[in-house]
Amino acid sequence: MTTKVAVVPHTHWDREWYAGFQYFRSRLLDVLADLLDRLERNPAHRFFLLDGQMAMIDDYLALRPRDAERIRELVRAGRLSIGPWYVLMDEFLVSGETIVRNLQLGLTRAAALGGHLPVGYLPDMFGHIAQMPQILGEAGFRDAVVWRGVPHAVDRTAFWWRAPDGTTVRAEYLPAGYSNGASIPADAEGLLRRLRAHHAQLAPFLAGEGSLLFMNGTDHQAPQPWLPQVADAVNAIQQEFELRITPLAEYLAEAPTAALPSWTGELRSSARANLLMGVASNRVDVKIAAARAERSLERLAEPLAALWLPAERWPGELLDEAWLHVVRNSAHDSICACSADEVGVAVRHRFAEATTIADSVIGAVDRHLAGAFRRPGTMVVNPSSRTRSGLVEILLAGTQAPPGTQLVDRADAGSVEREVCGRDLPHVLAELTQAGWLDDGRATEASVEWTPAGVRLSLTSDRTRVSDTSLRPVDATMAEATAQAAANPDKPLWVRVERPASVRVLARVREVPGHGWVSLPGPGGEQGVQAGEQGAGGEQGVQAGDNWLDNGVVHLAVNPADGTFAVNGLAGMDRLVDGGDAGDTYNFSPPAEDLVVERPDSVTITLLEDGPVRGRLRVQRRFTWPASVEDGRRVGTRAVEVTTVLELHAGEPLVRITTCFDNPSRDHRLRSLFSLARRATGSRAECAFGVVDRPLTAEGGDGEVGLATFPSRRFVQAGGVTLTHEGLLEYEVVDDGWQLALTLLRATGVLSRPAPSLRPNAAGPPLPTNDAQLVGPLELRYGVAVGDDVDPWSLAEAAWVPLRVVTTAGGGDLPSTGNHLRVSGAEVSALRRVGGALELRVFNPGDAPTLVGVENRSGWVVDLRGRPSERWKGSFPLRARGIATVRLDEPELGCTSSEEPAQPDTAGS
């Protein structure tokens, strides 16, 4: 019987990896130029696959835009496959929304160049999320191609892959990877021997008789000029194999579908290919930057701008630019930080750029809000879809904090004067800002006067937020003053700043509507706070002692012997354990002779805030850690002081934890361990568009030990305990199910070691990565709640998406209380504008169907390519674990409101 061999010429392209982006792009220019020439000159080179991603094409065309039409013609002719992704991302280390935007960007760019590969091509991701079949299905794909992560239970080269909601795609499995046909010999006999050996290797896996997928390419491989000739030569000398250069989609269209095995959920096995699970814990600075950038875009900038700015002012270009940075960083070698140090620098810079853009959009919304409300006052705005309570920080005129609020700091009335030359004005303004006279949110009025000419300009911080109308600032003219000073550098000028007395206080506000607002009440509609000794719900305020905090929901007590704390009697929380790591950026591997440090040398506890709204304890633990790993042993000593601030808010079950230290050691892993209320038999963690249930073990293989160190997006639950975290993506249930470990730091100095103990093979070149040692200051944020009734989605939102405070001058159209959009029945993933209309993406993390309500609105259910499928009004059904995207066609800013301001819950002691 003749075996048909589908030869798919391709290249796998890492945009950046063991060298920086520009190094790989310089190689890309040569590879793509040669490819285009070869396809155009020789029809025998029938087809080429450009790795399923558009970034490499955009990177090429940025320098050679003249070749765009050549690419377009080859794509339309079916000779070149591009897309559907923008980059080949890691699926676990970025948000579900980043994955969707990556796919949508890839589809858009591919459409402009002739069309996309109609296959969910996923050749080198380090495992696959459970919801990927649903994401692919929502974009119209029926096929996927995968390699890493497929479990031992799948014993064919194809299987039905099912998402938790039931969406199923046919997955073509590459047991030997995407390079099984790489670097073929130029002689027929040599290629024939290669095919026979490979067929024998795959024979037990072949899903259909008489077919074999031969992926002719590997990392950064150029087209092999002799491929058409040697394929013809092999066909001429034998009948055992029939080779045909074939587009991937063409092969899959004829691939067998009968009697295939099935698998539901995520693919995270090392049975036949290394999963490289340690990428979730290296370079936590990169992961934290990613979490902050994604949150700034998804939870703040987009929904705030979509609901508060007029449709014609939607900052689409800015947001597209920010998302391009985030999507580029989602490439697996970039976000996984298994790359050269210069790549880590570039990735952090792109995340910083994206966050800065998001902050600028948020600032534009704040400026719009300042004139949006009818009455002057202080407004609390909720960017989330769920009704929420929480703490806010506000400025009040005077010298005393009202009852039930908590004083943060106080500024007495005063003034400051400076007489300088025009050229010195920027320096003076910087000094005044640093000294707290300008740009600190305090109520200030400032003036600049040219002493010879008598020209007077009024200045104030454009970020002034004050809750007394008598202290509202005049219009800012800082830019005008600075420009005039620059034009008159030698003229003397006089600067005077006057500051009335004010206090900054904390208050707890209850029941802020989802996507809505409330005003803080005051007499006659003026700003201020009326507070009682307890909150509106009778909640106890925070009380404190030398080593304990209590808010009536949580009693927190710190153990002075080791610095751990107990929550409602459950002791052993936040136990820091430091051990050696002789691995690399891909995998943790303990040294042959490890020295684990579990107890501090000394502990100091300081009460920082004693309530009634917020309590804070500082725990300083001094440790002696080994300095590094040498020859398989931890050697040397380094003293380190780890400062942890424990924070408890009135009315909340969450203990917020901020841990800071100046890391002095190399080659080590630091974890925080939390006791569980009962023995866990598994864990539940947030993943893209839902939660995933995992056992206490992980499947390994000959090439990699299977460690049960799993990734989570923002929270993980086990044994009656919930942890939420910012960018700390690796956890493990340890101690036979009695403790939950959260990795705070994994420091290593080599991109890939030849054979670390838990992975006896190389994953990349053995390059030094000194930056990955993370020597220097770190700030790590996480939190814990105890109880089986904790809603992890609400907990994570409260921890990482604060309520916003806005000062308004009045004169707008909006009442004192209201909301712009009321969504119920599902979690909101995205809210933005597309083509002028509001687009809402939701998902149902539950195991039962739900009815998603969008009050007083109507629209269409659309897929991820924007194609409408179902009309809805007021609500629409959503299957268990389902994802849905809807476009709203009602007036954009309909709102429900009440003239009565909601009462802040200012908890008293």
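Just so you know, the residues in each chain are numbered from 1, in the order the chain's sequence is written. A pLDDT threshold of at least 70 governs which residues receive local features in this predicted model, and a stricter bar of 80 or more applies before side-chain atom pairs are shown or counted, although totals over entire chains, interfaces and linings include all residues. Calculation of side-chain values draws on the structure's entire complement of heavy atoms; hydrogens and water are dropped beforehand.

As for the overall build of the chain
Secondary structure counts use DSSP, requiring at least four H or I residues in a row for a helix and at least two E residues in a row for a strand, with both numbered from the N terminus. Secondary structure assignment for the chain yields 15 helices and 48 strands. Only the C-alpha atoms count toward the radius of gyration. The rule for a globule is 2.2 Å times the residue count to the power 0.38. In terms of C-alpha radius of gyration, the chain reaches 30 Å, essentially the compact-globule figure of 29 Å for 909 residues. Counting only C-alpha atoms and orienting by the principal axes, one finds that the chain spans roughly 95 × 60 × 60 Å. Here the chain, with 909 residues, has 61% of them falling under the buried criterion. Throughout, a contact is declared for two residues whenever any of their heavy atoms are within 4.5 Å. Counted over contacts in the chain with a minimum sequence separation of 6, partners at least 24 positions apart contribute 76%. For the chain, the accessible surface area stands at approximately 32600 Å², while carbon and sulfur atoms represent 49% of it. Each residue's exposure class comes from its accessible area (1.4 Å probe, protein chains only) as a fraction of the maximum for that residue type: buried when under 20%, exposed when over 50%, partly exposed otherwise. Note that accessible areas follow from Shrake-Rupley with a 1.4 Å probe, and for residues the cover is restricted to the protein chains shown.

Considering the nonpolar core
Buried Ala, Val, Leu, Ile, Met, Phe, Trp, Tyr and Cys residues that are joined via side-chain atoms within 4.5 Å together make up what is termed a nonpolar core. Counting 142 residues, the largest nonpolar core has L80, M132, W161, W308 and V842 as the members making the most contacts within it. If you tally residues by element for this core, the top one is helix α9 (residues 284-308), at 12 residues. Apart from residues no more than four positions distant in its own chain, W308 is found in contact with V365, H368, L369, F373, V381, W517, L814 and H820.

Thoughts on the sheet that holds strand β18 (residues 502-512)
By definition, two strands form a pair when at least two bridges between them are found by DSSP. Read from one edge to the other, the open sheet built from three strands follows the order β12-β18-β13, with strand pairing classed as antiparallel. Only two strands of the sheet have a single neighbouring strand rather than two, namely β12 (388-397) and β13 (406-411). Each strand axis lies, on average, 30° off the axis of its neighbour in the sheet, ignoring direction. Summarising the sheet, β13 and β18 pair through five bridges and their orientation is antiparallel. Counterpart to L407 in the pairing with β18 is V505. Only the stretch in contact is used when fitting a helix axis, every axis being a line fitted to C-alpha atoms; angles between N-to-C directions are given from 0 to 180 degrees.

Some points on the confidence of the model for the chain
On average, residues of the chain carry a pLDDT of 91, and 91% of them reach 70 or more. When the criterion is pLDDT under 50, residues 452-476 qualifies, and its contacts beyond four places in sequence or with other chains add up to 74 contacts. Confidence per residue, as judged by the predictor, is encoded in pLDDT with a range of 0 to 100.

Regarding the packing of helix α10 (residues 316-329) against helix α12 (residues 341-369)
Two elements in contact, α10 and α12, have axes whose closest approach is 9 Å; the angle formed by their N-to-C orientations is 155°. The pairing of α10 with α12 is recorded here as roughly antiparallel in orientation. Along this stretch, α10 crosses α12, giving a crossing that reads as left-handed. Listed contacts from α12 to L318, L319, E321, A322, H325, V326, R328 and N329 of α10 are V347, R350, F351, E353, A354, I357, S360 and V361. Lys, Arg, Asp and Glu make up the charged group, whereas Ala, Val, Leu, Ile, Met, Phe, Trp, Tyr, Cys and Pro make up the nonpolar group; the residues left over, Gly among them, are polar. Residues that form the contact of α10 with α12 fall into these classes: nine nonpolar, three polar and four charged. Should an angle fall under 35 degrees it is called roughly parallel, over 145 degrees roughly antiparallel, and 65 to 115 degrees roughly perpendicular, with every other angle called oblique. Two helices crossing with the near one rotated counterclockwise from the far one by less than a right angle form a left-handed crossing, whereas a clockwise rotation gives a right-handed crossing.

Topic: the layout of surface pockets
Put plainly, a pocket is an open set of points on a 1 Å grid over the protein atoms alone with protein on both sides within 12 Å along at least five of seven lines, a cavity is a set where a 1.4 Å probe fits but cannot get out, and a lining residue has an atom within 4 Å of a point. Grid points are joined across faces, edges and corners, and a volume is the space filled by probe spheres set on the points. Its boundaries defined by the atoms lining it, the second largest pocket holds a volume of some 600 Å³. In this structure, the second largest pocket is lined by 27 residues; those nearest its centre are Q104, L105, T108, D320 and R832. In terms of residue class, the lining of the second largest pocket is made up of 10 nonpolar, seven polar and 10 charged.

Here we look at the sheet that holds strand β25 (residues 602-610)
Here nine strands make up an open sheet; going across it, the order is β25-β26-β29-β30-β39-β36-β35-β32-β33 and the pairing antiparallel. The sheet is open, and its two borders are formed by β25 and β33 (690-694), each paired with just one other strand. Along the sheet, successive strands turn relative to each other by an average axial angle of 20°, direction set aside. With four bridges connecting them, strand β35 (residues 715-718) and strand β36 (residues 721-725) associate as antiparallel partners. From the neighbouring strand, V716 faces β36, where its bridge partner is L723. Lying on the sheet, helix α15 (residues 792-800) is in contact with β30 (655-663), β32 (683-687), β33, β35, β36 and β39 (776-786); it crosses β36 at an angle near 35°.

Observations concerning the pairing of strand β6 (residues 158-162)
Bridging between β6 and strand β7 (residues 168-173) involves five bridges; their strand directions are antiparallel. Its bridge partner being in β7, W160 is matched across the sheet by R170. The loop that links β6 with its antiparallel partner β7 comprises five residues; one of these, G166, has a positive phi angle of about 105°. Strand direction decides the pairing type here: β6 and strand β10 (residues 262-264), joined by three bridges, are parallel. The residue bridging W161 from the neighbouring strand is W263, located in β10.

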